[in-house]
Amino acid sequence: MFTIDAHLDLSMNAMEWNRDLRLPIATINGWEAGLKDKPDRGNAVVSFPELRKGDIGLVVATQIARYVAADNPLPGWHSPEQAWAQTQGQLAWYKTMEAAGELVQVKDLDGLEKHLKLWQEDKTNEQKPIGYILSLEGADSLVDVSYLELAYEKGLRAVGPAHYGPGRYAQGTNATGKMGPQGYALLAEMERLNIILDATHLSDESFWDAMDHFSGAVWASHNNCRALVDHNRQFTDAQIRELISRGAVIGAALDAWMMVPGWERGRSTPKSTNCNLEVMIDHIDHICQLAGNTDHVGIGSDLDGGFGKEQCPYDLETIADLGKVPELFASRGYSKTDIEKLMHGNWLRFLRKAWS
Ligand SMILES: [Zn+2]
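This section reports on the structure supplied with the text. Residue positions are given per chain, counted from 1 along the sequence in the order it is written. Per-residue local features are limited, in this predicted model, to residues with pLDDT of at least 70; the limit for side-chain atom pairs, both in listing and counting, is 80 or more; totals at the level of whole chains, interfaces and linings are taken over all residues. As a rule here, side-chain values cover all heavy atoms of the structure and leave hydrogens and water aside.

A closer look at helix α7 (residues 181-193)
Turning to step 1, where the next piece is worked out: Strands here are runs of E lasting at least two residues and helices are runs of H or I lasting at least four, both read from the DSSP assignment and numbered beginning at the N terminus. How far a helix is expected to stretch is found by multiplying one less than its residue total by 1.5 Å. For α7, which comprises 13 residues, the first-to-last C-alpha distance of 18 Å matches the rise-based estimate of 18 Å (1.5 Å per residue) to within 8%.
Turning to step 2, where the next piece is worked out: Along α7, the residues classified as buried are Gly183, Leu186, Leu187, Glu189, Met190 and Leu193. The buried residues of α7 occupy one face: seen down the axis, they fall within an arc of 165 degrees. Exposed positions of α7 whose direction lies more than 90 degrees from the buried face are Pro181 and Arg192.
Turning to step 3, where the next piece is worked out: Along its buried surface, α7 packs onto α6 (147-153), β5 (156-160), β6 (196-198) and α8 (204-213).
Turning to step 4, where the next piece is worked out: Asn194 sits one or two residues past α7 and shows a positive phi near 60 degrees. Remark: exposure states derive from per-residue accessible area (1.4 Å probe, protein chains only) relative to the maximum for the residue type, with buried under 20%, exposed over 50%, and partly exposed in between. Relevant arc is that of directions from the helix axis to the C-beta atoms, nothing else. Note on contacts: a residue pair qualifies if any of its non-hydrogen atoms lie within 4.5 Å across the two residues.

Quick look at the structure:
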C-alpha cells in the first residue's frame, strides 16, 4: 500500500554517516562492519531501494544542524552560521539526488498531485523518484528570522523550532522554558510564508507557547504518547487533544525507547523489551481513542535517525517492512478505509488543506 513516512533524516545519513542511500542496504551495512564511531554502525534500515520495495513513495526529509553555546554538552556547531552551512550541504545532497533521478522535491499542490499520479499509475517503473518534502528539525541554523524566506525559496515547507536541549528559537526535549521573542518572530514568519509548524520536540512550555502564538497548519512528524512511555519527549493526552482540535496529524516513531517503557540505551534489546510493530499500533490506537476517529495518525518512523536495527522493532528488518503494518491494523479490527488513512490518507488530506 502506498505509504508516507513523515520523518526521515536522509541527508544526515548521507553526509554524516557517509551512507550512499542508492546502494542496497546490505552493501551499506557491509561497508560499516567494524566501524565504531556511531552506535548504529552496520545496522542501517533505510535506503532508496528499500523505500521503493515498501511502496514508500513520499517522505518528509530533514535538514538538521544544532547550535551549541559553550556550556551546552550536546554535539553541535559553535555558531549559527556554521549550522546554516551544514544544512546547505545537506540540501546540496538532496539536489544532487534529484539530478540523479532518485528524489523529487514536492513543495506545492500541483507537484503533490503529479507525484501521486506517478506512483499510483506507473507500476512497471521500479526506479520511480521518491518524493520528499523538505523540513527543518530544530531552527537553530536559521542565522536570523530573515533566513527563513531564503530557506522557503529552496523548498522548505515545515519547521520544528526545537530539537534536543536548549534552542535559539524554542526549548526542546529535556530542556524547559517558553519560546521567547525570537521564537514568536519565527512563528509569525512561518505563518506569513505558510510553513507547517512541527510540534515535535518542543518542551512542554514551548509547546503551549507555540499553540498560543501560531494559527497556521500544525503537525507532529514523529511523536509518541506519554501515557504509554513516560518521558517529556512524548505528548501528554492534553497535548494530543490540542493537536487534534487543530486538525493535526501525528506520526508514530519507531525508536524503541519511545515505544516501550524502561528502555536502557545500549543494554535493552528489541527482543528483551518485546518491542515490535504491534507496539507502534498501541501508540497510534491511543491517539485514535482520544480523537474518537482515525483522522489524526500516520507514520513518522525516524528510522536511521541516530539509531538502527539495534533500537527499533524486532520484526522490522528494513524500512520496507512498513508494508506489514496494514495487515497488523486489519487484525486489530481497523477497516480498509481507516488503514488507508493511517498509511497515507491523513498526511495527504493535511497537505492538500495546508497548501490549497
Ligand atoms: Zn527527532
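Resuming the write-up.
A few points about the side chain of Ser221
Turning to step 1, where the next piece is worked out: Structurally, Ser221 can be placed in the loop between β7 (218-219) and α9 (237-245).
Turning to step 2, where the next piece is worked out: Within the structure, the side chain of Ser221 is placed 2.5 Å from the side chain of Asp198, a separation counted as a polar contact.
Turning to step 3, where the next piece is worked out: Within the local environment of Ser221, its side chain forms a polar contact with the side chain of His222, the two groups lying 2.8 Å apart.
Turning to step 4, where the next piece is worked out: Residues in contact with Ser221, not counting those within four places in the same chain, are Ala6, His7, Asp198, Thr200, Gly251, Gly300 and Trp347. Polar contact criterion, stated in full: a pair of N or O atoms within 3.5 Å, where within protein one must be able to donate a hydrogen and the other to accept it, and residues adjacent in sequence count only if both atoms are side-chain atoms.

Quick word on the packing of aromatic side chains
Turning to step 1, where the next piece is worked out: Stacked, tilted and edge-to-face pairs are distinguished by plane angle, under 30 degrees for stacked and over 60 for edge-to-face with tilted covering the rest, among Phe, Tyr and Trp rings (Trp via its six-membered ring) whose centres lie within 6.5 Å. Overall, the coordinates contain 10 aromatic pairs when judged by the stated rule.
Turning to step 2, where the next piece is worked out: Arranged with centres 5.0 Å apart and planes meeting at 85 degrees, the rings of Phe207 and Trp208 form a pair that is edge-to-face.
Turning to step 3, where the next piece is worked out: A relative accessible area of 0% means that Phe207 is categorised as buried.
Turning to step 4, where the next piece is worked out: Here Trp208 falls in the partly exposed class, since its relative accessible area comes to 34%.
Turning to step 5, where the next piece is worked out: Centre to centre, the rings of Trp219 and Phe350 are 5.2 Å apart; their planes meet at 35 degrees, and the pair counts as tilted. In this pair, Trp219 sits in strand β7 while Phe350 sits in helix α13 (residues 336-355), placing the two residues 131 residues apart along the sequence.
Turning to step 6, where the next piece is worked out: On the basis of relative accessibility, which here comes to 7%, the residue Phe350 falls in the buried class.
Turning to step 7, where the next piece is worked out: Above the plane of the ring of Tyr314 lies Lys271, whose end atom (NZ or CZ) is 4.3 Å from the centre. Placement of a positive charge over a ring is assigned whenever Lys NZ or Arg CZ falls within 6 Å of the ring centre and within 35 degrees of the normal to the ring plane.

So, the pairing of strand β4 (residues 130-137)
Turning to step 1, where the next piece is worked out: Counting buried positions along β4 gives eight out of eight residues, so the element sits mostly inside the fold.
Turning to step 2, where the next piece is worked out: Burial along β4 is two-sided: Ile130, Tyr132, Leu134 and Leu136 facing one way and Gly131, Ile133, Ser135 and Glu137 facing the other are all buried.
Turning to step 3, where the next piece is worked out: Relative to β4, strand β2 (residues 56-63) runs parallel, the two sharing six bridges. Among the inter-strand pairings, Thr62 is bridged to a residue of β4, identified as Ser135.
Turning to step 4, where the next piece is worked out: Two strands qualify as a pair provided that DSSP identifies no fewer than 2 bridges between them. By the bridge criterion, three bridges tie strand β3 (residues 103-105) to β4 in an arrangement that is parallel. Bridge pairing in β4 links Val104 to Gly131.
Turning to step 5, where the next piece is worked out: Running through helix α5 (residues 109-121), the crossover from β3 to the neighbouring parallel element β4 is right-handed.
Turning to step 6, where the next piece is worked out: Alignment of β4 against β5, held across four bridges, turns out to be parallel. Note that in β5 the partner of Glu137 across the bridge is Gly160.
Turning to step 7, where the next piece is worked out: Between β4 and its parallel partner β5, the chain crosses via α6, and the hand of that crossover is right-handed. Viewed with both strands pointing away, a crossover whose connecting path from the first strand over the helix to the second turns clockwise is right-handed.

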